[in-house]
Amino acid sequence: MSSPRLRRLRLDHERLDTRFRDWPAIRITGVSGTPPEQYQVTYNIRGLYSSPTGQILERNQHVVEINLSLGYPRRAPQCKMLTPIFHPNFDEVSVCIGDFWAASEGLDDLIVRIGRMIAYQEYNTKSPLNGLAGKWAAQNTHLLPVDSTELTPPSKQEEVEAVEKLVVQIDDEQFPPNVDTPAVPSGVPRLDFGMIAVALLPGRTSIGHASDNSIQLSHNSISGHHAELIETESGFVLRDLNSTNGVTLNGSRINHASLKNGDRVCFGTLEAVFIV
C-alpha cells in the first residue's frame, strides 16, 4: 500500500484537475512531480500591487506557487506569490496561511481561500506580514473587496457530497438497499458496513450524526461527533470522541486503538469491518 502522503498527493491532483478544469477565475497552469508536489496557480481576478513610486494599483492576474513539503499534509503547504501583490497577509516570500491550516483541509479549498485573500474578500490586519498594507486596508475598508467575484466553482457542493461524504439514513439498523455510493477501488482503506463500503480519507476521517462529518451516519445510537480515524505512517488509529454509546473494537470498548485488517468496529450499535 502506498504511503499516506502519496495517497494524499494523488487525491489532491485529481481534485484540482476536476474542480478547476473549466473554471476561468482559477487555473492550474503548472505542475511538477509524479504525483505533483508543486503547483503554479493563476488567478484571473482583481487584486492590488504597489508600483515603484508607491502608488497602489490594480492588476487582473496573479500567479502563486505552492510547494508540498515532505511534512505535508501535517505541515502547511509553502506558498509564495510570483507576481507583485499589496496585501496584509502576503510578503515577497510567503503567504500567511499557517494559523488556519489543518491536515484535513483540501488543497483545493486552500487555493480558493488564497484567491479570496488576493481579492480582499478575506484579510487579517492584526498580525500582518506587510504592515503598510495592513494599515492601508484598515483605513480603506470602504474600497474592499477589490473584486467580489465568486471564487468557489459552482459544482463544489455536489462534488463534496459525491466524493467525500457518505450520508446514510438507517431504519431499525438496516441500511436501505437504494443508497447510492461509489465503488471503492481495490487497495483503498475502507469501512465495510455490509451493504455499503466507504473509502477512508487521507489524513483524518470523522464519523458521526452531524453534517460536518466525513461519514455522516443518521442513527439514534450515533453521537454528533462520534469517532475519528487518523491515518499515520504506521497505519490507522481509531479514537472515540467522547460519544454517548461508545466505540468497540472486536467486542471491547476502547478510547483509542490501532487498527489492523479485518478488525470489527462498532460505532454505537452500527458495525463495520476495517479493510486495507
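Report on the accompanying structure. (Residues numbered from 1 in each chain as written. Predicted model: local features only at pLDDT ≥ 70, side-chain atom pairs only at ≥ 80, totals over all residues. Heavy atoms only, no water.)

### Here's the deal with the overall build of the chain
- The helix and strand inventory of the chain stands at four helices and 18 strands.
- Sorting the 276 residues of the chain into buried and exposed places 47% on the buried side.
- Long-range contacts, defined as pairs at least 24 residues apart, comprise 49% of the intrachain contacts of the chain with a sequence gap of at least 6.
- Carbon and sulfur atoms make up 48% of the accessible area of the chain, which amounts to about 13900 Å² in all. (Helix = DSSP H or I, 4+ residues; strand = E, 2+ residues; numbered from the N terminus. Buried < 20%, exposed > 50% of the residue type's maximum accessible area, 1.4 Å probe, protein only. Contact = heavy atoms within 4.5 Å. Areas by Shrake-Rupley, 256 points an atom, 1.4 Å probe, with all protein chains shown as cover.)

### Some words on the side chain of aspartate 147
- Relative to the helices and strands, aspartate 147 is located in the loop between helix H3 (131-139) and helix H4 (156-163).
- A relative accessible area of 5% means that aspartate 147 is categorised as buried.
- Looking at aspartate 147, its side chain comes within polar contact range of the main-chain nitrogen of arginine 46, at 2.9 Å.
- If we skip the residues at most four places from it in the chain, aspartate 147 touches Ile45, Arg46, Ala119 and Gln121. (Polar contact = N/O pair within 3.5 Å; in protein donor to acceptor, adjacent residues only side chain to side chain.)

### A word on the packing of helix H1 (residues 4-20) against helix H2 (residues 107-118)
- Interhelical geometry of H1 versus H2 gives an angle of 50 degrees and a closest axis separation of 8 Å. Overall, the two elements H1 and H2 adopt an arrangement that is oblique. Where H1 approaches H2, its residues Arg8, Asp12, Arg15, Leu16, Arg19 and Phe20 are matched on the opposing element by Leu107, Asp108, Asp109, Ile111 and Val112.
- A per-class count over the contact of H1 with H2 returns five nonpolar, no polar and six charged. (Axes fitted to C-alpha atoms, helices over the stretch in contact; angles between N-to-C directions. Parallel < 35°, antiparallel > 145°, perpendicular 65-115°, else oblique. Nonpolar A, V, L, I, M, F, W, Y, C, P; charged D, E, K, R; others polar.)

### Let's talk about the pairing of strand S5 (residues 62-67)
- Of all the six residues making up S5, five are buried; the element is thus mostly covered by neighbouring parts of the structure.
- Note that strand S2 (residues 38-43) and S5 share six bridges and pair antiparallel. Following the sheet pairing, valine 41 is matched in S5 by valine 64.
- Bridging between S5 and strand S6 (residues 78-81) involves four bridges; their strand directions are antiparallel. Along S6, the bridge assignment pairs asparagine 67 with glutamine 78. (Pairing = 2+ DSSP bridges.)

### Here we look at the pairing of strand S10 (residues 204-208)
- For S10, the buried fraction is high: four of the five residues fall into the buried class.
- In terms of strand pairing, S10 meets strand S12 (residues 227-232) through four bridges, oriented antiparallel. Note that in S12 the partner of serine 206 across the bridge is glutamate 228.
- Pairing between S10 and strand S11 (residues 215-218): two bridges, direction parallel. Directly across from glycine 208, in S11, lies its bridge partner glutamine 216.

### What about the sheet that holds S6?
- Strands sit in the order S1-S2-S5-S6 across an open sheet of four strands; the sheet is antiparallel. Looking at which strands have only one partner, the edges of the open sheet turn out to be strand S1 (26-32) and S6. The sheet shows a mean angle of 20 degrees between the axes of neighbouring strands, direction not considered.
- Lying on the sheet, H2 is in contact with S1, S2, S5 and S6; it crosses S2 at an angle near 40 degrees.

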